[in-house]
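The chain contents come next:
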Amino acid sequence: MEKANIYAGQLFVLMFIFELGSALLIPLGIEAKQDVWLAIFFGMLGGLLLFFVHLRLHLYYPDKTPPEFVKELLGKFFGTVVACIYTVYFLYIAARVLRDFGEMLVTFAYNETPLFIVNALFLLTVVYGVYKGIEVIARTGELLFVILYALAIAGFVLVVVSGLIDFSYLQPVLEDGFKPVLQTVFTETWYVPFGEIIVFTMIYPYVKNKKAMKKAGIIAILLSGVNLIVTMSINIAVLGVELTARTQFPLLNTIHSIQIAEFLERLDVFFMIALIIGGFIKISLFFYAGVISVSVICNVKNKSKLVYPIGIVVLFISLTQASSYAEHMYEGITIVPLYMHLPLQVIVPVFLLIVAFIKNRHKKEQSL
Amino acid sequence: MTFKLRKLSKARTTSSKSNEDEGAKTEKNEPLSDSLAQNVEAVKQKTGNSADISIREITLNDQAHTKAAVVFVEGIVDQQAIDDFLIHSLINDDDLKKNPADNILETIAEKVVALGELTRVHNHSELFQALFNGETVVLIEGFSEGVSTDTKGGESRSVDEPPTEISLRGPREGFTESIRTNTSLVRRRIKNEKLWVKSITLGKVTNTDVEIMYIDGLAESDIVQEVENRLNRINTDSILESGYIEELIEDQTATTFPTIAHSERPDVVTGNLLEGKIAIFIDGTPFVLMVPAVFVQFFQSVDDYYSRFDIATSIRLLRIIIFITSLFAPAVYVAATTFHQEMIPTQLLIVLAAQREAAPLPAVVEAILMEIIFEVLREAGVRMPKAVGQTISIVGALVIGQAAVQAGIVSPAMVIVVAVTAIASFATPSYNIAIAARLIRFVNMIAAATFGFYGIILTFIVLLIHLCSLRSFGVPYMAPLAPFDASGAGDTIIRMPWWKVKKRPALTVDGNVMRQGDNQKPSPPTDRTMK
Amino acid sequence: MKRVTTWISGLLLLFLAGCWSSQELPDLALISAVGMDATGDGQYAATFQVINPGNVAGEGTLSRGGSESPPVTTYSSTGPTMTEVNRRVSEKVSRRPYYAHTNLLVVGEQLAREEGLEKVFDAFERDPEFRTTTRVIIAEGTTAGEFVTALTSLDKIPANKVIKTLETTESFWGEHKDTNMREVLKHVGQSGHEPLVSIFTLHGDEEKGKKIDNIQTTSPEARLEATGMAVMQDGKMIDRISNEASRGALWVLDDIQKTAVSLDWKGQKDALVFQIVRNKTDVSVRIQDNLPVFDIQVSTEGEVGEAHVPINVSNPFLSGTVEKKSGEEIKKIIEQAVAKAQELQTDYLGFGELLHRKDPKLWRKLEKTWNEDHFPTVEVNVNADAYIRRSGLRNEPTFSEDVE
């Protein structure tokens, strides 16, 4: 853990961009078809629930990062094991997200460029940010937030003005009942992006004002949920359910559809800026969490020494974890949520909370 | 070295330096002797008999025929004052004529000299310091100390309109090369005893006067302490301009962005002092440094504060757009024409393609070439005497604008892009941030040429990280935007009307944040006839 | 310092090694239109209309004005798949074909009828360069290749001529719809709303159309003209509609922006013209006896554009009658169009989609055989209200001696 101090507003901004990060770009929860907004909504509620679990757990040890307090909760050996698992998880997800973004860029704009170069450049930027520390990332996030929101509003206005939106595509509501919606929630939208806020447990100790922190977290989750709902609804309203489900990047297609006055068209760059901003914050936070975990576990005082070697590791994981985009997506849809997200985002934190609750109650009784 | 605290409210101050700091200069620090001849000889010898050292020997009293010498440096003293109030008095004073030799020094100090400040010098180091500060030293036979009077004067530039910061509406005064004139210009604007000035001498050879000025109670005391510490650290032979100090005290050296602001205008310095900032005056330059400096500060011009807030806000937004243009315009052109042809509207693309049809150079080479040519022209324009300056513009316009295009070496669109960038970089109010943008522009062009918009966006994010990681005397460079500070944000890329700006920026101000009372919004009576 | 040097040299190396995806403008062949045909032996033939920028941009640039050489050049190639066709054309073009500015995709009638649009679209859809906003039309009477080859006056680039014609006629007359690939794709994958695609015909001498002379006369020998709309089913063209039938269909689809309706007045045919300025069509569905009934409500605003009989339109009582007549006329047009659609057994009016939204369960039952069994027999009620807001710059025509 480095010596740093971020305030609740910055936490809000980071969480917000983090949640939108990749979720904005992919066909999130499209298995629920036109009810995708419901799927995202329930995912958001689930995310809120997880946030409270994480927060409660954090408040037992307000100045400690998870790798530090799990040792106290589970004992030195098991604590270290759990901490190591989380470290690997964070770094793996950082690599996955990096791969996501690299693949997107290669697919839609840089066909001839090797994935390695695209990923390496992106990671170089992330490494530079993480090297500078969480305060700098948070400040950069504040500025990027303004840019992202300006882009979002501009994009929204352009889509509306060009008259593409037909909300009748969002009907009928609940065509097949709640089942497909809930299935989507429990296999996708709960974990990505909302469950991923588990990574913020590494950031919470830097925030001093815990009350404001709670508020910032709630608002960030709600606002990002609303933004995702609006985005996905617009995608469907513009493209229709079938087309949205068939495309890799529905938002890109929506932006492609904008045509105003023969001049404002082909606004791919909008999409690319949003993509890189979101990706930068998302990868940075996972990567940062990984680096800090390693430095805590291995007791390295100067975390900046770790940034470059771990960066290279993440880069290579991102390239080797799948041989093709199809394989990457298969892992992302069938393996990762079930065997990684569900246990690490939900089960372990709940378990730890129970342990912490019991231990601390015990303490209280003793002190009485 | 330590600072001596002084109130400027006294009309004149001497820079009598304290003695402790002289340890370093032991070779000069020998005491004055009793013998006048020896002292005079020592002065002559040590200054190498310099032509501008003037030594006037006189006889003081009638009986004892006590000899004395008046020593000063020609050109930096007020010759008239020495003649009228010092030498004249010394020769003609009746008290002095009757005075016995033994307490003649006291008489001179207390009764004879009709000049403002008067100090004693005891050793050579003090003697020379006084001399080169424009003081006049009277050495008397039989005394191992001299009397030094303040006779600063001589030629210096008069207060004039500053050439680098023109304002349409506002005071026409600018700083001069004289530190005392400069501090007085600020003093006249803040008539308050809380305006404090601390002095220090820097430069082992040049012995330059440096003073820091701040408003006690507004400036954060930690920052004041930090400024003092950093100035005290300086151990160099010379300080010729504020740029020397700037480079020696800034927070981070590996950056093209200025983390210390400077100005030639007293009203700018005053405004900054009122926001809790600290001004550093350096003798010999009209540029005054101001710390801590934040990024947005470099986009603010004085006119913003003197014109209506709505106008000022729109002009500031324009400046931000200009700055971004000057950073990215050529890079975007390169990226759009070599990577992202899809984002150019079809008709425009056809025109561009027609222009580039016969172009011999790749777009990026063309862009870099033209930018370099422009920088050459600009540099030549700055250095050339005014009379030749016109030639430069003719050559620039004809050769670059006309001939290169007609010869088919560069495409007309590229010339337009370079011209827009050039004008944009001149429209940024602060030269040192505009020049930073120019340098980064080349990096952006290379990034654009290799990775198109991906490269530009990544360099942009790296640039943002870099800016966010900078600090100026502990204050984050991007404040009050990031970290966001509501009290300071009213005067950033927008300017709120004065009646809205209730608070001073909290990051630089020490606690005392309220700037004005409530209800400052003008509320004239509803009956506009005023009857 | 050493670290900084390492960093900088590393970055420079990266930058120098970069440039993979970069392409200078003179290396690109800007394709403005693609014409797709079936050759008959299972192969595709594609014709690419490539812009010659120097001949379009006109004076002021280095290459002289473009009047002498044609603004576009066409290249064609054949092959069994779209990708192969696309790659093969490089044998003939010196530059890399660039599709991002392709605004027009012309599909030959034969290809549209036999193979359908879906197969053609797949390759285009996958290519990130190609835009889904590209207009799609079907060339009738000629092959798409011939169509793409024809030069046009007024608009230097033939593809632009077609697009502008579509845009103008859609908003001015309303018999043709400006359909782009996204809209077609949206409907192809979805039952209950078949797409309509505009049909263009090349009139006149095809051979002359290829020559630059064609655009040097005031009355070109070969002309491109919108002539109707193709009715698609399962991505294949099955029939065509034109004139009132297509206008009525667009009326139901609420795609009418401006058009004009001729009215009879006291036995005189086409005596008055009602110009529509604003139109709103609402189609709603209700379920009656487990069967859907569709109500079409048209409300339209306009003005009198022409009068061949003495009539004072400023008379509010008279204009009420005119309004009523206009409404009836519109109703007639729409009813005929609906009848035509039912006769063709193709639901290009979007009724099925509407039912899907209203009653998903019923729709699921009817979906399979909707076009054949249910759509042709559904009950459709049309109601049209017209409002006259103004009458141009005149109240009465000049020949109104005895104005009523």
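Residues numbered from 1 in each chain as written. Chains lettered and ligands numbered in written order. Predicted model: local features only at pLDDT ≥ 70, side-chain atom pairs only at ≥ 80, totals over all residues. Heavy atoms only, no water.

For chain C, the name recorded in an unreviewed UniProt entry is Spore germination protein KC, with Alteribacillus persepolensis as its organism. What UniProt records for chain C under Subcellular location (unreviewed entry) is the sentence "Membrane". In UniProt, chain C has this text filed under Sequence similarities (unreviewed entry): "Belongs to the GerABKC lipoprotein family." (UniProt positions renumbered as here; feature names shortened; annotations may be inferred.)

As annotated in an unreviewed UniProt entry, chain B is Spore germination protein KA from Alteribacillus persepolensis.

Novice: What's the story with the overall build of chain B in this structure? I'm lost.
Specialist: Looking only at helices and strands, chain B has 17 helices and 13 strands in total. Relative to the globule expectation of 24 Å for 531 residues, the C-alpha radius of gyration of chain B, 30 Å, shows a markedly less compact shape. Here chain B holds 531 residues, and the buried ones make up 53% of them. Of the contacts formed within chain B by residues at least 6 apart in sequence, a portion of 67% connects residues at least 24 apart. Here chain B carries 51 positive and 64 negative side-chain charges, and the mean point of each set is 8 Å from the other. (Helix = DSSP H or I, 4+ residues; strand = E, 2+ residues; numbered from the N terminus. Rg over C-alpha atoms; globule rule 2.2 N^0.38 Å. Buried < 20%, exposed > 50% of the residue type's maximum accessible area, 1.4 Å probe, protein only. Contact = heavy atoms within 4.5 Å. Lys, Arg positive; Asp, Glu negative; His and termini not counted. Charge placed at Lys NZ, Arg CZ, Asp CG, Glu CD.)

Novice: What is the right way to read unusual backbone geometry from this model?
Specialist: For residues that are not glycine, phi is negative in most cases, and the peptide bond is trans in most cases. The amide bond that connects V192 of chain A to the next residue, P193 of chain A, takes the cis arrangement and shows omega of 5°. Position of P193 of chain A relative to the elements: it lies in helix α7 (residues 179-194). Here the bond from V291 of chain B into P292 of chain B is cis, since omega is -15°, no more than 30 degrees from zero. Positionally, P292 of chain B belongs in the loop between β11 (288-291) and α10 (302-306). Positive phi, close to 50°, is recorded for D234 of chain C, a residue that is not glycine. Following the sequence through the fold, D234 of chain C ends up in the loop between β8 (222-233) and β9 (236-241). A positive phi is found at D289 of chain C, a non-glycine position, where the angle reads about 55°. Of note, D289 of chain C is situated in the loop between β11 (268-288) and β12 (291-307). A relative accessible area of 73% places D289 of chain C in the exposed class.

Novice: Would you mind showing me how to read the packing of aromatic side chains here?
Specialist: Between two aromatic rings, the relevant description is the distance of the centres plus the angle of the planes. Enumeration over the complete set of coordinates arrives at 46 aromatic pairs over all chains. Note on F18 of chain A and F286 of chain A: the rings are 5.4 Å apart at their centroids and 50° apart in plane angle, and the pair reads as tilted. In this pair, F18 of chain A is assigned in helix α1 (residues 8-23) and F286 of chain A in helix α11 (residues 268-297), connecting sequence segments 268 residues apart. Given the relative accessible area of 0%, F286 of chain A is considered buried. Taken together, F18, Y86, Y89, F90, F200 and F286 of chain A form an aromatic cluster joined through their ring pairs. For the cation-ring pair, K282 of chain A lies above F18 of chain A, with the distance from its terminal atom to the ring centre recorded as 5.3 Å. Directly above the aromatic system of Y169 of chain A lies the positively charged group of R357 of chain C, at a separation of 5.3 Å from the ring centroid. (Phe/Tyr/Trp six-rings, centres within 6.5 Å; stacked < 30°, edge-to-face > 60°. Lys NZ or Arg CZ within 6 Å of the ring centre and 35° of its normal.)

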